[in-house]
Amino acid sequence: PRHKCIPNDVALHPGARLLLVSGSNMSGKSTLLRSIGLNCALAWAGAPVAAERLRITPLRLGASIRTADSLQDNRSRFLAEILRIRQIVGLVQQGRPVLFLLDELLSGTNSHDRLIGASGIVRGLLAGNTIGLVTTHDLALTQIEGGVNVHFEDSIEDGELEFDYKLRPGIVSHGNALALMRAVGLEV
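Scope of this entry: the structure provided in the associated data block. In this text, all values refer to a predicted model and were calculated from it rather than measured experimentally. (Residues numbered from 1 in each chain as written. Predicted model: local features only at pLDDT ≥ 70, side-chain atom pairs only at ≥ 80, totals over all residues. Heavy atoms only, no water.)

## Notes on the overall build of the chain
Thinking step 1. Counting secondary structure elements, the chain contains 4 helices and 8 strands.
Thinking step 2. When the helices and strands of the chain are placed in sequence order, the string is β-α-β-α-β-α-β-β-β-β-β-α.
Thinking step 3. Relative to the 2.2 N^0.38 estimate, which gives 16 Å for 188 residues, the radius of gyration of the chain is 17 Å and therefore close to what a compact globule would have.
Thinking step 4. Projecting the C-alpha coordinates of the chain onto the three principal axes gives extents of approximately 50 × 40 × 35 Å.
Thinking step 5. Within the span of the chain, comprising 188 residues, buried residues form 34% of the whole.
Thinking step 6. Sequence separation of at least 24 residues holds for 66% of the intrachain contacts in the chain that already meet a minimum separation of 6.
Thinking step 7. Put simply, the chain has 19 plus and 18 minus side-chain charges, and the middle of one group is 12 Å from the middle of the other. (Helix = DSSP H or I, 4+ residues; strand = E, 2+ residues; numbered from the N terminus. Rg over C-alpha atoms; globule rule 2.2 N^0.38 Å. Buried < 20%, exposed > 50% of the residue type's maximum accessible area, 1.4 Å probe, protein only. Contact = heavy atoms within 4.5 Å. Lys, Arg positive; Asp, Glu negative; His and termini not counted. Charge placed at Lys NZ, Arg CZ, Asp CG, Glu CD.)

Below, the structure is given as structure tokens:
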């Protein structure tokens, strides 16, 4: 419902081709990506968009959101993700403008390989005619070159997690994973 929607302004352009979106669990990172991707697809289909205003140039959409493992296909979540990223790289190599949306980039691997791999992937994508967003919990990824950092915050009010879903400049300063673990009864 419109009264529950929280608007956020997002601008990607030659001076800000990459947004690195950090934030805690449930703060709105993935929803932001889905909203941008959906509005992009709706706009290019000539349909109404969920935005007060949208200005978009011709581009192709490449997204890696909610990748999952598959016993049937003998694929781990990580393999499914890098295969999807390979498809996005293929779009970029065709020379057309691409909007890439990468949710929790390389979260299925160790922190060392994640940082090296994510930096290389983003560097390769930005070498093409692209703009995009990358979400992460891993604050090391907020240091990827060429990115503008934005974040979502949360707070704890009377023992309850509260979210305002407002996109802010900079890197998130805290997480909520430990509070969530404790809230469900895990001793950490």
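## So, the environment of Asn129
Thinking step 1. With respect to the helices, strands and loops of the structure, Asn129 is situated in the loop between helix H3 (111-126) and strand E4 (130-136).
Thinking step 2. The spacing of Asn129 and Arg75 is 54 residues in sequence and 30 Å in space, taken between C-alpha atoms.
Thinking step 3. With sequence-adjacent residues up to four places away left out, Asn129 is seen in contact with Gly95, Arg96, Pro97 and Val98.

## Describing the sheet that holds strand E5 (residues 148-151)
Thinking step 1. Spatially, E2-E3-E4-E1-E5-E8 is the arrangement adopted by the 6 strands of the open sheet, whose pairing is mixed. Where the open sheet ends on each side, the last strands, each with one partner, are strand E2 (60-64) and strand E8 (168-169).
Thinking step 2. Sheet topology note: the strand E1 (residues 18-22)/E5 ladder contains 4 bridges and is parallel. Residue Ser22 lies in a different strand from E5, and its bridge partner there is His151. (Pairing = 2+ DSSP bridges.)

## A short note on the nonpolar core
Burial of nonpolar side chains together is a common tendency in soluble globular proteins.
Thinking step 1. Leu18, Phe100, Leu102, Leu105, Val122, Leu125 and Val134 are the most contacted members of the largest nonpolar core, which totals 19 residues.
Thinking step 2. Secondary structure elements with two or more residues in this core: E1, helix H2 (77-93), strand E3 (98-102) and H3.
Thinking step 3. Residues within four places of Leu18 in sequence aside, it is in contact with Leu12, Phe100, Val122, Leu126, Gly132, Leu133, Val134, Gly146, Gly147 and Val148.
Thinking step 4. Within the second largest apolar cluster, 13 residues are counted, among which are Val21, Ile36, Leu99 and Phe152. (Core = buried A, V, L, I, M, F, W, Y, C linked by side-chain atoms within 4.5 Å.)

## Describing the pairing of E4
Thinking step 1. Of all 7 residues in E4, 6 are buried, a share of seventy percent or more.
Thinking step 2. The pairing of E1 with E4 spans 5 bridges and is parallel. Bridging across to E4, Leu19 finds its partner in Leu133.
Thinking step 3. Inspection of the sheet shows E3 paired to E4 by 5 bridges, in the parallel sense. In the sheet register, Leu101 faces E4, and the bridge partner there is Leu133.
Thinking step 4. Between the parallel elements E3 and E4, the chain passes through H3 in a crossover that is right-handed. (Right-handed = clockwise from strand over helix to strand, strands pointing away.)

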